[in-house]
Structures are given as C-alpha cells and as structure tokens.
Amino acid sequence: MGVRARSWLAGALVVVLVGLLVAIGLVVTSRDTVDADLTAAQRDVAAAARAEALAFLTVDHEDMDPLVDAVLAGATGDFAEQYEAQRETLVREAVRTEATSVPEVVALGVGDQDADSATVLVAANSTVTNRGTGAEGQVRYYRLRLDLVREDGRWLTDNLQFVR
C-alpha cells in the first residue's frame, strides 16, 4: 500500500471513528479544549483521559524519566504495574533510537461513565522523529481506548489499548 493510500485510509478511519462516536451518542471534544456543554463529571474524566493520552504518547530521548513519571501519575492498577515494569526498556529504546514524539489530541469521546468508572476513546496525532525519520519527522495517527477509574477523587487510567 502506497503512502498516499495509507494517508487516505488513515483520514478515512478518523472520519469513521468520529462519526461512530457521534452516532452512538458519545460526547466529542476537539483539539485541546473541553466542550462547555459537558457535565462536570464528563469534563473531569475527559481532562484526565486527555492528559494521560498526551503523557503516554510523548517521547523525548533526552529526558524520559519525567515523561514516564507523568504517565504513572495518571495510572493505576495493572496498567501502572505494566508500564512501570517497562520503564527501563522504554527509556533505553527512546535513547537508542533518538526518538521524540509530540502529540496532540484531535478528538475525544466519553463513553460509558458512572460515578467510579468511564471509557474514553481518543484520536491523537503525533509528530515522531527518530534515526529513521530524519529531522522533519513523520505524523503518526493513534486511536486509543482508555478505561478510567475514580480513586481518591481522581480519575486514573486502569487500562489503555490501541484500537483500530
């Protein structure tokens, strides 16, 4: 599949994802804003999911420890344990490949939510540079599903998955 076909396919997937979010009644926000029409609970979970997705997708081979710490600060349960267990590998690979990743959230949908749990779908793009991309980098398109739980008054990510 050529670059042009992949770009078209990625764009089409974004349109389908956003369309599905709207069609099934999810609350959709765009860029780095939180929709004023959301309830306070939806705004809280949307802000936590946005922050965790951005932390998870941010890479800077020159200073990875605070980035890993930022992900862990918004994580709990199995996700926090698995991410912490991969800390050394993540840092080593970022340094080895001279990787950077600068993400932005382009769409976010709050799905099922109750007082103590929520599911959020996030569409994010990230400009990635590494030894293989050259100085200009490449835009990568990510779609994530975050399962959040409320612990001690904070929304924390309990599970994070890449979705298609």
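Residues numbered from 1 in each chain as written. Predicted model: local features only at pLDDT ≥ 70, side-chain atom pairs only at ≥ 80, totals over all residues. Heavy atoms only, no water.

If you look the chain up in an unreviewed UniProt entry, it shows as Mce-associated membrane protein from Nocardioides flavus. Among the UniProt annotations of the chain, the heading Subcellular location (unreviewed entry) holds the following wording: "Membrane". (UniProt positions renumbered as here; feature names shortened; annotations may be inferred.)

Draft legend 1. Highlighting the packing of helix H2 (residues 40–57) against helix H3 (residues 65–73). Contact geometry for H2 and H3: axes closest at 8 Å, N-to-C directions at 150 degrees. As the angle between them shows, H2 and H3 are arranged roughly antiparallel. Regarding H2 and H3, the two cross each other, and that crossing is left-handed. Only Leu 67, Ala 70 and Val 71 of H3 make contact with H2, whose side of the interface consists of Glu 52, Ala 55 and Phe 56. Residues that form the contact of H2 with H3 fall into these classes: five nonpolar, no polar and one charged. (Axes fitted to C-alpha atoms, helices over the stretch in contact; angles between N-to-C directions. Helix = DSSP H or I, 4+ residues; strand = E, 2+ residues; numbered from the N terminus. Parallel < 35°, antiparallel > 145°, perpendicular 65-115°, else oblique. Left-handed = near helix turned anticlockwise from the far one by under 90°. Contact = heavy atoms within 4.5 Å. Nonpolar A, V, L, I, M, F, W, Y, C, P; charged D, E, K, R; others polar.)

Draft legend 2. Quick look at the side chain of Thr 119. For Thr 119, the location among the structural elements is in strand E4 (residues 117–129). With relative accessibility at 18%, the residue Thr 119 sits in the buried group. Not counting residues up to four positions away in its chain, the partners in contact with Thr 119 are Gly 109, Val 110, Gly 111, Asp 112, Arg 145, Leu 146 and Asp 147. (Buried < 20%, exposed > 50% of the residue type's maximum accessible area, 1.4 Å probe, protein only.)

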